[in-house]
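Structural overview
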Amino acid sequence: MGEHRPVAGAVLGTLLQLACLASASLPLASAAVAQRRVALDPGRELSRLARLETQLQTGEFVQWGNEIVLYTPRELTFRWGPPGVATVAQWQLYEGEIQAANLLANGPIGEASDPSELQWFRVDLRNLLPPQPTGVETYRLRVVPGTGIRSSPVTITYRVNTNQTHFSDFGLYPELRLPMRVKVHLQNFHILDADEESGEEPYIIPMIAYMDGTTIDPANLPQSSVRVDRALRHDAHGNLPTSNDQGSGSSISIPSNVGYYEESIRLVGLEIIENCDPGDMGSCLVTLRDLMEATTVWVFVVALEEDESPTPVINSTRHAIVDAFKAQFEQCVTGLSFANLLGMLNGGFDPQAALASEDESVEFCGRSPQPDPDTGEIDTILDQIRSSMKTLALDRVIEDTFLNPTTFLHGLGGVYALNQAFDSDDVIGFAHRAFTFEQLARADGPIPFDLEIRKSDNSGVATAGVNPVHYKIQAVISRCHEQLDRGRCENVDEALYP
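Residues numbered from 1 in each chain as written. Predicted model: local features only at pLDDT ≥ 70, side-chain atom pairs only at ≥ 80, totals over all residues. Heavy atoms only, no water.

**Notes on the sheet that holds strand β5 (residues 89–95)**
Here is the rule: By definition, two strands form a pair when at least two bridges between them are found by DSSP. Only runs of H or I of at least four residues qualify as helices and only runs of E of at least two qualify as strands under DSSP, and these elements are numbered from the N terminus. Orientation is described by lines fitted to C-alpha atoms, with helices fitted over the stretch in contact, and by angles between N-to-C directions that extend from 0 to 180 degrees.
The mixed open sheet is built from 5 strands, whose spatial order is β3-β9-β8-β5-β6. If you trace the sheet from one side to the other, it starts and ends with β3 (67–70) and β6 (103–109), each paired once. Each strand of the sheet is rotated relative to its neighbour by a mean of 20°, with strand direction disregarded. In this sheet, β6 lies alongside β5 in antiparallel orientation, the contact comprising 6 bridges.

**So, the sheet that holds strand β12 (residues 227–230)**
This is how the line gets drawn: In this description, contact between two residues means that some pair of their heavy atoms is separated by no more than 4.5 Å.
Pairing is antiparallel in the open sheet, where 4 strands are placed in the order β12-β11-β15-β18. In this open sheet, the two strands that pair with only one neighbour each are β12 and β18 (426–436). The average angle at which neighbouring strand axes cross in this sheet is 20°, direction not considered. As defined by bridge partners, strand β11 (residues 202–211) adjoins strand β15 (residues 296–305) across 10 bridges and the pair is classed as antiparallel. From the neighbouring strand, Met207 faces β15, where its bridge partner is Phe300. Contacting β11, β12 and β15, helix α5 (residues 311–334) runs over the sheet at an angle of about 25° to β11.

**Quick look at the pattern of salt bridges**
What counts here: Salt bridge, as applied in this entry: a Lys or Arg side-chain nitrogen positioned within 4 Å of an Asp or Glu carboxyl oxygen. Type-normalised accessible area, obtained with a 1.4 Å probe on protein chains alone, sets the label of each residue: buried when under 20%, exposed when over 50%, and partly exposed for intermediate values.
Tallying each qualifying case throughout the model produces 12 salt bridges. One salt bridge connects Arg122 with Glu75, and the closest N-O pair in it is separated by 3.8 Å. One end of the pair, Arg122, is in strand β7 (residues 119–124); the other, Glu75, is in strand β4 (residues 75–80), and 47 residues separate them in sequence. Exposure remark for Arg122: the relative accessible area of 55% places this residue in the exposed category. Among the salt bridges present, the one from Arg126 reaches Asp124, with a minimum N-O distance of 2.8 Å. On the basis of relative accessibility, which here comes to 27%, the residue Asp124 falls in the partly exposed class.

Set out below in C-alpha cells:
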C-alpha cells in the first residue's frame, strides 16, 4: 500500500490546483460576459423577471411549477414575486404566444397585504377555455405590474387525455387516497327554555356515525358496516355538569369525555373510479366528486332531562339506543343493491333527501314515508327513525323501572313503582347534522354548527314536566392532523381540495 501513496498525493494535488484555477477564472468569465452584454446594449440595465408559478398539488403534498397540463378547465392558484412586490398588477392570459393579438383575457390583482411575502391570486379557467379540448392547445399566463418588470409566464397545456396512464384528480391530489382525520367537538349546551326552572338536569346521548370506505365495500354490501362512536363516559346521568339552579338561559360546557370524537375516514367506492378517464367523463360510472358527496359523517344527539329513573336503567338504555341506531344505519347500507349504490354515488339518489322526503314511493333504510295515523301528516323516513329511537328510550325506561327490584325497597310496593313510571326521565328530543367528505375537504378551517332540540308537547305518561323545552348545542367539525404526543389532533386551516 505504501508505494501508492505518492501517486495518490500527486493526483489529489492536481485536482486541487484545477479547482483553484477554475474558481479563480469564474469572476473573470462572468465579468467578460457582462461586458459583452453592455457592449451590445449600453443603455440597458439588466433586470430579473419576477417569478410566477401555479399550484400543482395542495395540502401535505403541495407543489408549484411554471408548467401545468389540464384535461378539463378548472380554477388555478398562482403566486408571483419575489417578496417585496407590493403593487397593483393584472394577469394576462394568451392563446399561444404572448402577442397583443393573442390576448384572451385579463384581470386585476390586488395589492399585496404583506410586502415581505409572495402575492397570491386565482384565475378560474372554466369560463375562459373551451369545455373540451380539441387537440393540444397552449396558453400562457403572465403578470404585468403597474410599475416594474412583468413576470415570467406560466405555460398551460390543454389537451385530450390519450395516455394509457392518465393524470387524474388522484394524480393531482394523491392525499385523497389517504385517510382523512376528522374530529367532532360538541362544545356548549344552552338551555333556552327549561323543563324545570331552577332544577334542570339535562343529559345527552351523542352518536357519531361514519359512512365511509373504511367499512363500506360497494362490492360486498351485505358484509359492510357503519362505525358508530359513543361517549367515552359510561354514565349518562350527570354527563352535563349542572348545579341546582340551572334553568332557562343557563349554559353548560360539555366535558370532553362526552362531546369530543376523533376518527379517520376514507372515500367510499374508490375502486369504482380507479380506471375512470377524466378526459372522457362519459366513461365514468361516477366521479370523484360523487364519492366525496357520498362519504359522510353524521352527528346525532338524543337529549333527556333527569328525573327519577335509576342510573343503571339509563345506562342500559343509552347502549340500547346506540346499538339500535347502528343497526338501523347498517340496514340502510346493506339493504342497497349495487345499482342503487351507484345511483346514490352518481347523484341520482341523495340519501339525505330520501330521509327527509314526503314522497311515499321513496324507499330507503327498509322504510318509506307514511301518513301519521293520528294527524294524517306524512312521517318521513327520518321522522320514523327518530320516533323509533325515542320510543325505545321511553319503553326501556318504563319497562326497566317497573322490573327493577330497587323500586320496591321503600315499603310502598307497586304504588311507588307506578309513581316512578310517571316520573321517569323525560326524553326531550333528537337532532342531527350530516357533513360530506367534500365539505370537509374544501373547508379552510373548522366548520361550526348548531343542534336544536325542542319538545313542545310534554303530555303523556312518561314525561316529567309540562313546559315547552328548547335546548341548543354549539359544536364544530374539522379535519385535523394527528398529534402522537398530544391528546387531540390539531386543526387543519387549509383546504385539502380547492
